[in-house]
There are 4 protein chains.
Amino acid sequence: MKIEQQHIEGVNKSYLKSHQENYDFLANNLTQKGINISNLLGKLKAFQVAIPSWALGAGGTRFGRFSYYGEPSSLEQKIQDIGILHALTQTAGAVSLHIPWDIPEDYAAVKELAEGLNIKFDAVNSNTFQDQKDAKETYKYGSLSNTNEAVRQQAIQHNLDVINIGNQLGSKSLTVWLADGSCFPGQNNFQTALQNTENSLKEIYKGLPSDWSMLIEYKPYEPNFYSTVIQDWGTSFMLANACGEKAYSLVDLGHHLPNSNIEQIVSILMLKGKLGGFHFNDSKYGDDDLTVGSIKPYALFLIFNELVYGMQNNPQNPDLAWMIDASHNVKDPLEDLIQSLEAIQEAYAKALLVNQTELKEAQLNNDVVKCQEILQDAYRTDVRPLLAQARLESGGALSPINSYRRLNVRETLIEERGKYTVATGL
Amino acid sequence: MKIEQQHIEGVNKSYLKSHQENYDFLANNLTQKGINISNLLGKLKAFQVAIPSWALGAGGTRFGRFSYYGEPSSLEQKIQDIGILHALTQTAGAVSLHIPWDIPEDYAAVKELAEGLNIKFDAVNSNTFQDQKDAKETYKYGSLSNTNEAVRQQAIQHNLDVINIGNQLGSKSLTVWLADGSCFPGQNNFQTALQNTENSLKEIYKGLPSDWSMLIEYKPYEPNFYSTVIQDWGTSFMLANACGEKAYSLVDLGHHLPNSNIEQIVSILMLKGKLGGFHFNDSKYGDDDLTVGSIKPYALFLIFNELVYGMQNNPQNPDLAWMIDASHNVKDPLEDLIQSLEAIQEAYAKALLVNQTELKEAQLNNDVVKCQEILQDAYRTDVRPLLAQARLESGGALSPINSYRRLNVRETLIEERGKYTVATGL
Amino acid sequence: MKIEQQHIEGVNKSYLKSHQENYDFLANNLTQKGINISNLLGKLKAFQVAIPSWALGAGGTRFGRFSYYGEPSSLEQKIQDIGILHALTQTAGAVSLHIPWDIPEDYAAVKELAEGLNIKFDAVNSNTFQDQKDAKETYKYGSLSNTNEAVRQQAIQHNLDVINIGNQLGSKSLTVWLADGSCFPGQNNFQTALQNTENSLKEIYKGLPSDWSMLIEYKPYEPNFYSTVIQDWGTSFMLANACGEKAYSLVDLGHHLPNSNIEQIVSILMLKGKLGGFHFNDSKYGDDDLTVGSIKPYALFLIFNELVYGMQNNPQNPDLAWMIDASHNVKDPLEDLIQSLEAIQEAYAKALLVNQTELKEAQLNNDVVKCQEILQDAYRTDVRPLLAQARLESGGALSPINSYRRLNVRETLIEERGKYTVATGL
Amino acid sequence: MKIEQQHIEGVNKSYLKSHQENYDFLANNLTQKGINISNLLGKLKAFQVAIPSWALGAGGTRFGRFSYYGEPSSLEQKIQDIGILHALTQTAGAVSLHIPWDIPEDYAAVKELAEGLNIKFDAVNSNTFQDQKDAKETYKYGSLSNTNEAVRQQAIQHNLDVINIGNQLGSKSLTVWLADGSCFPGQNNFQTALQNTENSLKEIYKGLPSDWSMLIEYKPYEPNFYSTVIQDWGTSFMLANACGEKAYSLVDLGHHLPNSNIEQIVSILMLKGKLGGFHFNDSKYGDDDLTVGSIKPYALFLIFNELVYGMQNNPQNPDLAWMIDASHNVKDPLEDLIQSLEAIQEAYAKALLVNQTELKEAQLNNDVVKCQEILQDAYRTDVRPLLAQARLESGGALSPINSYRRLNVRETLIEERGKYTVATGL
C-alpha cells in the first residue's frame, strides 16, 4: 500500500477551515510576540526522525507478546510502512536498519523503493546481544567486552559488516548498543570488561569510512541485571573520547536510573561536542519503550530546550541522528509511531518558542520566577496548529491519526499481507 | 498591605483587550466541541486552595536557609499575605494553621481579619515532630507511636488542643502528619509502633467534633531514614478504617517512592470513600516541596483527571481539603504560591475538558490510541484564557504574577515590616 | 537421574572432619550464649521451599534467551530435577506447578514419582498473562480485570481448572498473579479494573476447596508499564479482605518500587493475619529475578527477622507457602537454585539467632545502638556449619554445590536427555 | 577526658580468653586456606579513617534536630572526642576539618593536642553552601558556578584560605563539595554553570601546594532539587581531568541516584587513576547519612572488593583519603562512629579474604556460580576476631562499644562539659 497525495488532500479538506482559523489566530499571536513564523515552520519541516526497522511490528516482554495484524514481514514491507508514516506526517523521512534482522537482498531495489518514498537510510544498528543461527561464538557472556578474544573478533567483524551494508545504502553512522555486562557481583572484572570494550570499539572505529560517525549508546541495566559495561553517559563519553573525533555518545531517553536529569546530560554532551544521536521513547519505571511524550511530556520539552540551545550555540556537534526507539505492545505500531512523531514535533516547536534572550537575562538576574514563567509560557502554548501547518505545507495530513483511520490503512495492509504475519525484531 | 479592587482593575486594563480576544477564541472553540463554558468557569471559580501558614516565609534544607525579605512575623501578617494572594488569584480563599507555630492570641481579631479578606480556616495541622520549649516529653523517638505512654499522651493531648484551637476559628478538619519511624533496622518493633499509633489516633478521633474530619497523612521516609510508621496509602487507609467514618487518608504528592503511580492511589481511595485531603507540590527526587506543576505537570493533570472523575462518580467522599505544601528556598514565597495556584487551576481546567463519555467508550473498545488522544487533546489545550476569565469574573487579576510585581507588593511589605524579619516554620 | 544416599555420603566423607570441627566450635559458642542448638537445627530441617516447575530451565529477557544444556522437557523430568536438589540440600521438598505449562498427563504416575523423591505439591499457579493456542478470548487487554465479561469468565474458569488440577495432586493453595494493568494513561479506568478484579477473585474464591488458601500476588509494573491493577500490598490486602478469610497476600521480593521497606510490609501483613506466601529472589533494579541473597543479603535477613517474629507472635497467619521465583539466565539452573536455597537457609538461621528478649528491651529503652548491635551480632555470625549440620542430619550433602559438580549431575542429565532440550516457561 | 592504655587493658581482660579462642580458631582456618594472617592484620592496622570535625555532635534534618548531651563545643574538644575513638578502635587516627566551623585559634596548641592523641590532619573541607555572617556576597544562587564574578571570587578565595589553614596543620588535600545547582528548570544555564565551575576550580587548583591533592565531590541532588552542577562521577571526572593530575574524584556513598552500581564507578575511577577520596555512610533512600554498614553491608563489601583490587593493581591512584560522613540523629555520635568504624574494617577484612587468583580464573571460565561462591565465601566469614586482634595488637579495645560504655565515657563528658552544649555543624 502506498498513500498518494490525493488521498491525503481528500481527507484534509474536512479539517481545512477550522485549521486555518486556529493557525491564523496562533500565528498572529506569536508574531505579535516577535516570533518569526516562517522561520519556525521551516525548522519544523526540516526536522526528520528515523524509524527503526524493528518498530513496525508488535513488541513484547519476557512474559510474552501479543501480535498485531498485517505486520510487515520483509524489509520492503517495512519501508512501505515508513512510507505511509512519512506521507501522513512528513517527519519520518528516514529508516534505521537493524542487522542481521534486515539485510537487503537486492540493494538497488531497496534503495529505489526508499527513494521513491523520500526515505533516507540513517544510522545502522548492529546486534551482538543475540546469537544468530550458525554463529561460531556465543554472546551469552558478552561480545565486545568478552574475555575470549575469538568472541570479541566475531563481534567486531559483525560491526564492520554492518558498516559495509549501511555504506551501500547511503547510511553515514553506526550505532553500537552493547548489552554486555553481568548479572551477579564477581561475574565480571569491571576494568577488564571496559578495556576490552575500548579496544574493540577502536577496532571498529578503524573501519569507519571517513564521513561516518560512530554512536555509542549507554544503558544502566537490562538485559544484564547487576552491571552494564557502558552504564552511563560518563562511560560512553570516555569511550568516545578514546576512539576519536568521529565517535559520539548516543542518548536513549529510557536508559537512565530513576530521577536522572537527562536534559543536563544532553546539555553537557553538547557543550563538549560529543552528542551524536538520540533515541526517543517514554517510560515510567525503566526502559519501558512507551510512546514518546505519553508519560513525561514536560521532561521531553526540557530536553528539547537544551537541544535547541545546543543546535544554536554548540556548532562543535554533528547533525544529530534522531530515532524513535519504542515498543508497541498494545497499540497498532503505525498509530503509535504517529503519536510519537507528533509528540516530538510538539516538544521541538515549544522549545523553539522559548525566548532565549529573555531567559538569559532572567538567569543573570537570578529571577527564578521569571525563568520558570518563560519556559512555562512556551510549554503552555498550544502549538498543534503550527505542526499541522508545517505538515500541510509539506504535503502531509492535517490530522495524521484520523487520516490513517479514515484511509483504512491497517485494513488494507491486512488485506494485502494477511492477518497473521510476524515482523522480525524484539 | 492590602490590595484593593481598584489596584487590580488598574493593572488589568492593559491586559484586557488581548485577553478578550484569546478568551473569545478559546471559548468559541470549546463550545463547538460541546463544552459548557459557564459551567466550567463556575467550577474553576469555586475551587479554592488553602495556604498553610508556614509557607509565607522562606524555607530551607538541613544545609541551611537563605531568608527572604519582608517575611511575615506574626499570624496576622501571614493572613495579610494570603489576603494578597487571594485578591490577585481569587483561588486562595483559605488558610491552614500549623500549631504551635500559629496559635492566635486574639481569636476574634484573627477571625475578623480573615473574614475581611474572604479567607476561611481550613484543616489545622498538629506538630509532634519537634520538641517545644518546656515540653515535658521528647519526640526524639516518636510521638503517637512511642513505646512510652507518657509521650503518647502528650502527643494525643496536643492534637486535642489543636482541634480546640481550630474549632474556635471555624476549621472542620485536623491533619495528622506523623514523622514517627526509625533510622535503623531493629530500632522499632513495626507491629508495636503501628498498634500504638492506631490506639493514639483512636483517642484523638474520640475528641473530634461531630462535623469534623481527621486526615491521616502518609510518607515513606524523612525525617526518619529507615522506616516510617505510616509509610504508604495502604497503612493510612487501614488506620482510617480502624478509626471510623470521619477518618480519611490525605495524599501529599511528594510523599511517595520513586515512580509511584499516584493517580491510581487517588482513584482507589476515592472508590473506597476514603480520600479526605490533598497536599500539592512537585518534586524530582524526594519530598522536594517544589512549586506545583514545575517538574511533572502531566502527572498533575492525570491526578486531576482522577479527582474530577471521583468528584463526579464517588459521592462517598467528603469535600476535599486542598492545600499547597511547598517550600520556597529560592523564590519570593508569594510569587511561588501564585505560580502553584496557577498550575493547580490549569490542571483542574484541563481535566474538566476531558470528554468522559468518549473516554469510557474508547476504554470499552480497548482503543488505547484513542484513549491517549482524548487525554492529550485536553492536556494540549492552552487553558490560560479560561483561568484568566474565571479570575476576572471573581474580581482577580488577569495576570497575577505581573500584577504582583507592578503593584510593588514585596517592596511595600519590606517597607512596612522591615527587611530582616523571619517567619515561623521550617 | 536420581541421586542415591550413598553418592552423597561418598562425597560428604571428604568434608566431614573439618565440618565437625567448625560445627562443634560454633555450636559451643552459641550454646554459651544460651541458644538451644537442637531446637534451632530442628527448625532449619523443617524449613522447606518449593521449586516452581518453570525454574528448571534457562530464563531469558525480552532481548533473547541463551539456553542451557540438558534442560528437562517434561513434568517428570522437572520433578526429577527437584529430586536432585532435594537430595542434596534437603530443603527443596516441594514443587509449585504452573498451569498450563505443566499439566500432568498421568496423575498417579506423577504423584508416585514425587512421593518417591519426598516432594510435595505446593501452591499451584495460574497463567492469564499469555494466550494459549486455541484460546477463545485474548488476555491482551487484561484477564480478571477485563472490561469484557467473556474474557473474565475464561480467566476465572482457568483458575478453577487450576484448582482442580492441584487438588488431584494434593496442593492446598492457589497463587494468583495478575499481569493486568495498562501501558498508557487513560487506557484503563482504575476503578472499573479493580472492581472487575475483585468480582472475579470472589468467583474463584467460591470454587476454593474448604482447606485451600488463595494467595494474591502484587506487583507495581511489568509487563504493563503504566499501571498494574494489583499494584501494591495495600491493594492485595484490600482484595484479600474482600474475598474472605482464606484469601491472603503473597509477597514477591522483586515486586516493589525502588527503596521499599519490604520487611515492614511483611511485618504488618503478619500482624493483620494476611500473609500467605512468599516468593524469594533478589534484584538490583526491578523484578530482576536473580539468585536469592546475591545482591542484598542483609535485607533478606531483616525480612526473615520479621518472619521469625511473626511465626512466633502472630498465630493468626497460615503456614506460609515459600517458593523461589528466580530466572536463570547465565547459570546452570540447578546450581543457581542450590545457591538460592543456601541463602534462604542462611538468612533464616541468622534470624533465629536474634535475641528477641534483649531486642525488645533495647527497643523499650530507645537504645538504638544496642538494637543494631543485636541484629548485627546475629547477622555477622557465620552460620554455614549449622546449615551443613542440618543437611547432614537429614541425609543431605555437606557441600551441595561441590557435590553437584563432583557427581557430574549436569553431564549425566545431558547424556540422558540430550544437549538441546528446552524447558517450558519464560 | 582522655582514655589511657590502662583503662582499655582493664576492660579487655574480661574478653581476652574467649577472644583468644575465637581468633585462634579463625586464624587456623584461614591459614589452612593459604591466607597470610600477619600480612592481613598488618593491613587492617594500617587502615585509618578520618573523622570529620562536624560529626561529633548530633545531626538533624530540615524538620529539626534533637541534641545530644555533652557535645564538644570547641575544636579542642572535638579532637579529644576523636582521641577517645582512636584509643578504643585504633582506626580513627585522623581528623578532617570543616572551615569555617573549625578554624584553629592556636595552631601550635591544636597540633600538639592532635599529635598527643596520634591524630593526623587529613583533607580540609571548604564551605560555600552557607552564608557566613558579614559575608559580602551570598551563595543563595551558587558559589563557584555563580553567574556573578564577585561571588565566584569570594568562593575561590575561601577555598584558598582553607588550603592555607590546612597547610599549617599538615593536611595534604582539599575536598570541594559544591551545593551549586538549581531548584527549577530554566533557573540555570547548565553550560554556563559548568564552565564557571571549571574555571573556578582551576583557580583554586593554581593555589594548591605541590604536594597537595584536590578532591572533587559529586552529588545528584540536595540541597538543590532540580539539578546539581557536579551531578555525577562523569562530571567530576571531567573536571578533575580539566584541572590537572593533582585533581581527583571523591566518592560519597550517599551521593547517587537509586540503584546505582557504585562499585563499578569506584573500579573505573581507579582504572583511570582518578579516585582520590571516599566518604563512608549508608542510606536507604537518599543521602541519609546513616551509620556505615547499617543498611547495605554487602554493597559495602563489594565496593571494598574493588578498592582492594585497585590498591593492588592500579598504582596510578594516590593514597585515598578515607572519611566517615554520617549524621547522628538518634544515637550517641561517638557510639555511632564506633559502629561505622567497625563496619568499615569488617568490609575491608572480608575483601582482603577474596581469593583474587581463583576469582580471575572463574571469570575467565565464565563460571558465574563459582565467582559468586568466591565472593560469598569471603563475605560469609565472621571476621570479627580478626578485627579484635588487630585492635589488640595496636593497643585498642577488644570490644570498643562495650568498653565505651563500661568506661562511662559519655557520662564523664557530660560532667566535664555540661549537658546542653552544642557542636558546630549541620
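Residues numbered from 1 in each chain as written. Chains lettered and ligands numbered in written order. Predicted model: local features only at pLDDT ≥ 70, side-chain atom pairs only at ≥ 80, totals over all residues. Heavy atoms only, no water.

An unreviewed UniProt entry lists chain A under the name Sugar isomerase, with Aestuariibaculum sediminum given as the organism.

S.K.: Help me out: how do you make sense of the pairing of strand 5 (residues 173-176) of chain A in this one?
M.R.: Within a regular strand, the side chains alternate between the two sheet faces. Residues and elements named next belong to chain A. Here strand 5 shows no split at all, with Ser173 and Thr175 on one side and Leu174 and Val176 on the other all buried. For strand 4 (residues 124-125) and strand 5, the ladder comprises two bridges, and the chain directions are parallel. In the strand pairing of strand 5, Asn125 is matched with Thr175. Crossover handedness for the path strand 4 to helix 5 (residues 149-169) to strand 5: right-handed. Both strand 5 and strand 7 (residues 213-217) contribute to a ladder of four bridges, which runs parallel. Bridging across to strand 7, Ser173 finds its partner in Ser213. (Buried < 20%, exposed > 50% of the residue type's maximum accessible area, 1.4 Å probe, protein only. Helix = DSSP H or I, 4+ residues; strand = E, 2+ residues; numbered from the N terminus. Pairing = 2+ DSSP bridges. Right-handed = clockwise from strand over helix to strand, strands pointing away.)

S.K.: When you look at the nonpolar core in this model, what are you seeing that I'm missing?
M.R.: Nonpolar side chains in soluble globular proteins tend to end up buried together. Ranked by size, the top nonpolar core spans 545 residues in total, and within it Phe278 and Phe280 of chain A, Phe278 and Phe280 of chain B, Phe278 of chain C together with Phe278 of chain D carry the most contacts. Those residues in contact with Phe278 of chain A, other than ones at most four positions away along the chain, are Leu250, Val251, Leu253, Val266, Ile303, Leu307, Leu320, Ala321, Trp322 and Met323 of chain A. (Core = buried A, V, L, I, M, F, W, Y, C linked by side-chain atoms within 4.5 Å. Contact = heavy atoms within 4.5 Å.)

S.K.: Which parts of the structure should I look at to understand the relation of the copies chain B and chain A?
M.R.: Each of the two chain copies can be brought onto the other by rotation about an axis and movement along it. Under the fitted operation, chain B is carried onto chain A by 0.0 Å of movement along the axis and a turn of 180°, and the coordinates agree to an RMSD of 0.0 Å. With respect to symmetry, the two chain copies, as superposed, fit the operation of a two-fold axis. Using C-alpha coordinates, one finds that chain B approaches the rotation axis most closely at Asp382 of chain B, a distance of 2.6 Å. A shared binding surface is used by both copies, with 100% of the interface residues of chain B retained as interface residues in chain A. (Least-squares fit on C-alpha atoms with pLDDT ≥ 70 in both.)

S.K.: Honestly, the interface of chain D and chain A in this entry has me stumped. Any pointers?
M.R.: Interface size is commonly expressed as the accessible area that is lost once the parts come together. Every contact between the two is made by 50 residues of chain D and, on the other side, 50 residues of chain A. Here chain D is connected to chain A by two salt bridges. With its nearest N and O atoms 3.6 Å apart, the salt bridge here joins Lys272 of chain A to Glu198 of chain D. Counting across the chain D and chain A interface gives 18 residue pairs in polar contact (both at pLDDT 80 or more). Of all the elements in the fold, those that place two or more residues in the side of chain D that touches chain A are helix 6 (190-206), strand 8 (227-228), helix 7 (233-243), helix 8 (262-271), helix 9 (297-313), helix 11 (356-364) and helix 12 (368-380) of chain D. If one sorts the elements of the side of chain D that touches chain A by residue count, helix 8 of chain D sits on top with seven residues. Class assignment for the residues of the side of chain D that touches chain A results in 24 nonpolar, 21 polar and five charged. (Salt bridge = Lys/Arg side-chain N within 4 Å of Asp/Glu carboxyl O. Polar contact = N/O pair within 3.5 Å; in protein donor to acceptor, adjacent residues only side chain to side chain. Nonpolar A, V, L, I, M, F, W, Y, C, P; charged D, E, K, R; others polar.)

S.K.: Quick question: what am I supposed to make of the packing of helix 6 of chain D against helix 7 of chain D here?
M.R.: The description of two helices packed together rests on the angle between their axes and the distance between the axes. Residue and element names in this part refer to chain D. Remark: helix 6 packs on helix 7, axes separated minimally by 9 Å, with the N-to-C direction vectors making an angle of 45°. Considered as vectors, helix 6 and helix 7 are oriented oblique to each other. Of the two elements, helix 6 crosses helix 7, and the hand of that crossing is right-handed. On helix 7, the residues touching Leu194, Thr197, Glu198, Leu201, Lys202 and Tyr205 of helix 6 are Thr235, Met238, Leu239, Ala242 and Cys243. (Axes fitted to C-alpha atoms, helices over the stretch in contact; angles between N-to-C directions. Parallel < 35°, antiparallel > 145°, perpendicular 65-115°, else oblique. Left-handed = near helix turned anticlockwise from the far one by under 90°.)

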